[in-house]
Amino acid sequence: MDDDFDQALNAVGPRLRALRQRRNTTLADLSASTGISVSTLSRLESGARRPTLELLLPLARAHGVTLDELVDAPPTGDPRIHLRPVTRHGMTMLPLTRRAGGIQAYKLVLPADSRRSEPDPQTHEGYEWLYVLNGRLRLVLGDHDLILSPGEAAEFDTRVPHWFGAADAEPVEFLSLFGRQGERAHLRARPAAAPRSDQR
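Residues numbered from 1 in each chain as written. Predicted model: local features only at pLDDT ≥ 70, side-chain atom pairs only at ≥ 80, totals over all residues. Heavy atoms only, no water.

A. Structural detail: the pairing of strand S5 (residues 137–141). With four of its five residues buried, S5 lies for the most part within the structure. Across five bridges, S5 lies against strand S6 (residues 144–148) in antiparallel orientation. The partner of Val-140 across the bridge, within S6, is Asp-145. Turn length for the S5-S6 hairpin, with the two strands adjacent in sequence and antiparallel, is two residues, and the turn residue Gly-142 shows positive phi of about 60°. (Buried < 20%, exposed > 50% of the residue type's maximum accessible area, 1.4 Å probe, protein only. Helix = DSSP H or I, 4+ residues; strand = E, 2+ residues; numbered from the N terminus. Pairing = 2+ DSSP bridges.)

B. The side chain of Thr-158, seen in detail. Within the fold, Thr-158 resides in the loop between strand S7 (153–157) and strand S8 (162–166). Among the polar contacts made by the side chain of Thr-158, one reaches the main-chain carbonyl oxygen of Gly-126 at a distance of 2.8 Å. Setting aside residues up to four positions removed in sequence, Thr-158 forms contacts with Gln-122, Thr-123, His-124, Glu-125, Gly-126, Tyr-127, Glu-128 and Phe-178. (Polar contact = N/O pair within 3.5 Å; in protein donor to acceptor, adjacent residues only side chain to side chain. Contact = heavy atoms within 4.5 Å.)

C. How the structure looks around the pattern of salt bridges. One pass over the structure, following the stated rule, counts six salt bridges. In this structure, the salt-bridge partner of Glu-45 is Arg-17, at a minimum N-O distance of 3.7 Å. Pair noted here: Glu-45 is in helix H4 (residues 38–46) and Arg-17 is in helix H2 (residues 12–22), with a separation of 28 residues, a long-range link. Among the ionic pairs, Asp-168 bridges to Arg-136, the shortest N-O distance being 3.0 Å. Here Arg-136 lies in the loop between strand S4 (127–134) and S5 and Asp-168 lies in the loop between S8 and strand S9 (172–179), a separation of 32 residues in the sequence. Take Asp-168: its relative accessible area is 30%, and that puts it in the partly exposed class. (Salt bridge = Lys/Arg side-chain N within 4 Å of Asp/Glu carboxyl O.)

D. Summary view of the sheet that holds strand S3 (residues 103–110). Judged by pairing direction, the sheet is antiparallel, and its six strands sit side by side in the order S1-S2-S3-S9-S4-S7 without closing on themselves. If you trace the sheet from one side to the other, it starts and ends with strand S1 (86–88) and S7, each paired once. Here the average twist between neighbouring strands, direction ignored, is 25°. Note that S4 and S9 share seven bridges and pair antiparallel. Following the sheet pairing, Glu-128 is matched in S9 by Phe-178. (Axes fitted to C-alpha atoms, helices over the stretch in contact; angles between N-to-C directions.)

So, in structure tokens, the structure goes:
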């Protein structure tokens, strides 16, 4: 338990530095907004100063994150699922399910400056269903080169060579349902109501 606690505190410094750099904020700017001296901030980021609650509270406020996020605390006593986004090759993937096997759901965001502009189709086991929320998604699937707009969906066997990316200079957000064992997403439409006898 003590080792986990020390490990969490030791990780605060690099996390503080990454948050500040991501916001393009200088130590002097952060000092002005938090009232914490530049030297203390520098020592916190380098790990030379142990973080305390009095220091972390104003820093969390300044960076716009919760205290739990700042120290990467495990969720406790909260029934909600706290799934963390993962960024790979410029694509941000947020898992929406957390279970072994079965169909997995993700929200994916491809930035406008995605470097995945040249199609490089891949294959793997499974079946995928895509639904575009915002932006335009380019889907290369076998011999097909398609553009999907918001509200459009596609489903395919992932053993067919496929690739997707932003269709233009705008970011694209979409949902993905993926089944490794080839599970398919089934959409069921409600049958039209039969006309009443007095309307015939």
